[in-house]
Amino acid sequence: MSRQTGVPQVIRGSDVAAALRSPRRLKTESLAGLVVALALIPEAISFSIIAGVDPRVGLFASFTMAVTIAVVGGRPAMISAATGAVALVVAPIAREHGLDHLLATVILAGVLQVLLSALGVARLMRFVPRSVMIGFVNALAILIFLAQLPHMTDVPWQVYPMIAAGLVVLVGLPRLTTAVPAPLVAIVLLTVVTMGFGLGVPSVGDEGELPNTLPQWLIPDIPYTLNTLGLIAPYALAVALVGLLESLMTAKLVDDITDTHSDKTREGWGQGVANVVTGFFGGMGGCAMIGQTMINVKSSGARTRISTFLAGVFLLILVVGLGDLVAQIPMAALVAVMVMVAVGTFDWHSIAPATLRRMPRSETAVMVVTVAITVATHNLAYGVIGGVIVATLLFVRRVAHFTEVTAADSDDATTRTYHVRGELFFASSNDLVYQFDYANDPARVVVDLSGTHVWDASTVAALDAIETKYRGKGKEVEFVGLNPASAERHDRLSGHLGGGH
């Protein structure tokens, strides 16, 4: 697939055009969209309950997010809809101030996402280490599995053989044929069995009432004042940041799975546009859905925007036009699909004994921290932020230990030269001042910095402190070998930082 630009494109990119010319690809994309739509329904209802709003608010959000992001997003085949992370953030505003304030929060969050993306926030993805990415993927798999446990506890005994049968279909059918997505076959088969035998097992209809009308354009009925802005702005910023982080991480994951490149900046502002549209159509907002994206990309083989667009369209048709039939789908079928998604998502190679023995302990620690924080908080954004912080601290600690100072006397013993090697920044330069023998050194001291680089003001302050200590002993010190950038920084800051002279 050719690299996309940040210029908005309607659904007529090369990937879509190729799919429309290929009946086989179009069938794959269409069936993938249908499977995703079926999986979205119970989750959208569950997230609505978490946010404290009517199920239609979550379902309408999933429809508008999917359809809009299919047009303006930067990562083809990625699914965006109502999510648990956003639901957790907006729950307090919905509970304390009502639906209209929630919708206004979602709209403002979308505007902030557009602004942040225009400022280049997507480029920060380059600072996410591989160990954090692996932890993100593994934590995602664990959360997907944990989310299925409520549907497997305190349920009729028939649920368990139904889940087992669904897993057999999901594992076995792809070995026989890939003409039809295994998740769709499992859902249809178990639904037929449930309805045919009249089994009293939990169904989609038990999760909440499905809407029977189309979403309508509306403007939030709130006071348009600075007080209202001050009230919703913190929640909107949280939604914007959480949504961008999860969406950009998911886009990177799909890039790796499909071996293609996506436009992260376009995806970022596309999420913003989708949230603005969603807010004006009465939806609770959302972002990329990793579980459903894995169903779409890995389980069903979708690769284009068509599957994302049809997922939203099928969702609306299913809940509005075929709500009575969809309500009969047993939750056991969807649980089986999501369990397989969890198993397929988890990076089993990352915890293999051979991998753990070969991997540096710091890398493993970062992965474990990312997983632990995510599972503990049920928030992927917190896990990623925590993982990046730990990775940064460990990297700084490791680099700081690479700095070394060696001394050599001149032939006449009137000059001592210190050779400094390694990167000098706040973590390594703070100890630099203690590496010199101020009392016993000769009258002239040369500090050779040709093997290092001065990165910050902390290092300049440390060099000033060294010079001050030698002058206090009546000795002369000279810094030599600075590269141009380091010399410029030293000349500009030396003597102006305080505490050094």
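Preceding block: the structure.
## Here we look at the overall build of the protein chain
Item 1. Helices and strands together make up the secondary structure of the protein chain, namely 20 helices and six strands.
Item 2. Expressed as lengths along the three principal axes of its C-alpha atoms, the size of the protein chain is roughly 100 × 60 × 50 Å.
Item 3. Split into buried and exposed, the 501 residues of the protein chain put 52% on the buried side.
Item 4. Pairs at least 24 residues apart make up 84% of the contacts formed inside the protein chain by residues separated by at least 6 positions.

## Here's the deal with the environment of T304
Item 1. Relative to the elements of secondary structure, T304 occurs in the loop between α11 (290-299) and α12 (305-321).
Item 2. Each C-alpha atom of the pair T304 and L26 lies 9.4 Å from the other, and the pair is 278 residues apart in sequence.
Item 3. Within polar-contact distance, the side chain of T304 engages the side chain of E29 at 3.0 Å.

## Thoughts on the sheet that holds strand β6 (residues 476-480)
Item 1. Strand order in the open sheet formed by four strands is β3-β4-β5-β6, and the pairing between neighbours is mixed. Sheet topology places β3 (404-409) and β6 at the edges, where each strand pairs with a single neighbour. Across the sheet, the mean angle separating the axes of adjacent strands is 20 degrees when strand polarity is ignored.
Item 2. The sheet strands contacting helix α20 (residues 484-493) are β5 (444-454) and β6, and the helix crosses β5 at an angle near 120 degrees.

## Comments concerning the side chain of N296
Item 1. Checked against the element boundaries, N296 lands in helix α11.
Item 2. Of note is the side chain of N296, whose polar atom sits 2.8 Å from the backbone oxygen of A77.
Item 3. Among residues more than four places away in sequence, those in contact with N296 are A32, G33, V36, A77, I79, G301, A302, S307 and T308.

## What to know about the nonpolar core
Item 1. I41, L102 and M284 are the most contacted members of the largest nonpolar core, which totals 105 residues.
Item 2. For this core, the element with the most residues is helix α2 (residues 23-51), which contributes twelve residues.
Item 3. Counting residues in each nonpolar core, the second largest holds 18 residues, with Y438, V454, V477 and F479 among its members.

## Regarding the packing of aromatic side chains
Item 1. Inspection of every chain in the model, using the stated rule, returns eight aromatic pairs.
Item 2. Aromatic pair W217 and F280: ring centres 4.7 Å apart, planes at 15 degrees, arrangement stacked. In this pair, W217 is assigned in the loop between α8 (182-197) and α9 (226-258) and F280 in helix α10 (residues 264-280), connecting sequence segments 63 residues apart.
Item 3. Residue W217 is classed as exposed on the basis of its relative accessible area of 54%.

## Points about helix α4 (residues 84-97)
Item 1. Between its first and last C-alpha, α4 extends 20 Å over 14 residues, near the 20 Å set by a 1.5 Å rise per residue.
Item 2. When the local axis directions of α4 are compared, the greatest deviation, roughly 45 degrees, occurs at V90, which is followed within four positions by the proline P92.
Item 3. With ten of 14 residues buried, α4 lies mostly within the body of the structure.
Item 4. Restricting attention to buried positions, one finds in α4 the residues G84, A85, V86, A87, V89, V90, A91, P92, I93 and A94.
Item 5. Two residues or fewer past α4, G98 is found with a positive phi of approximately 100 degrees.

## As for the pattern of salt bridges
Item 1. Tallying each qualifying case throughout the model produces eight salt bridges.
Item 2. Taking the shortest distance from any N to any O, the salt bridge between E29 and R25 comes out at 2.7 Å. Of this pair, E29 and R25 both sit in helix α2, four residues apart, which is roughly one turn of that helix.
Item 3. E29 sits in the buried class, given a relative accessible area of 0%.
Item 4. For R25, a relative accessible area of 27% corresponds to the partly exposed category.
Item 5. Several salt bridges converge on common partners, so that one network encompasses R75, D255 and K264.

## Looking at helix α7 (residues 159-176)
Item 1. Here α7 contains 18 residues, and its C-alpha end-to-end distance of 26 Å stays within 8% of the 26 Å for a straight helix at 1.5 Å per residue.
Item 2. Along α7, the residues that are buried comprise V159, M162, I163, G166, V169, L170 and L173.
Item 3. Considering only its buried residues, α7 is in contact with α8 and α14 (331-345).

The rules behind these values
Residues numbered from 1 in each chain as written. Predicted model: local features only at pLDDT ≥ 70, side-chain atom pairs only at ≥ 80, totals over all residues. Heavy atoms only, no water. Helix = DSSP H or I, 4+ residues; strand = E, 2+ residues; numbered from the N terminus. Buried < 20%, exposed > 50% of the residue type's maximum accessible area, 1.4 Å probe, protein only. Contact = heavy atoms within 4.5 Å. Polar contact = N/O pair within 3.5 Å; in protein donor to acceptor, adjacent residues only side chain to side chain. Pairing = 2+ DSSP bridges. Axes fitted to C-alpha atoms, helices over the stretch in contact; angles between N-to-C directions. Core = buried A, V, L, I, M, F, W, Y, C linked by side-chain atoms within 4.5 Å. Phe/Tyr/Trp six-rings, centres within 6.5 Å; stacked < 30°, edge-to-face > 60°. Expected span 1.5 Å × (residues − 1). Bend = angle between axes of the 7 residues up to and from the residue. Salt bridge = Lys/Arg side-chain N within 4 Å of Asp/Glu carboxyl O.

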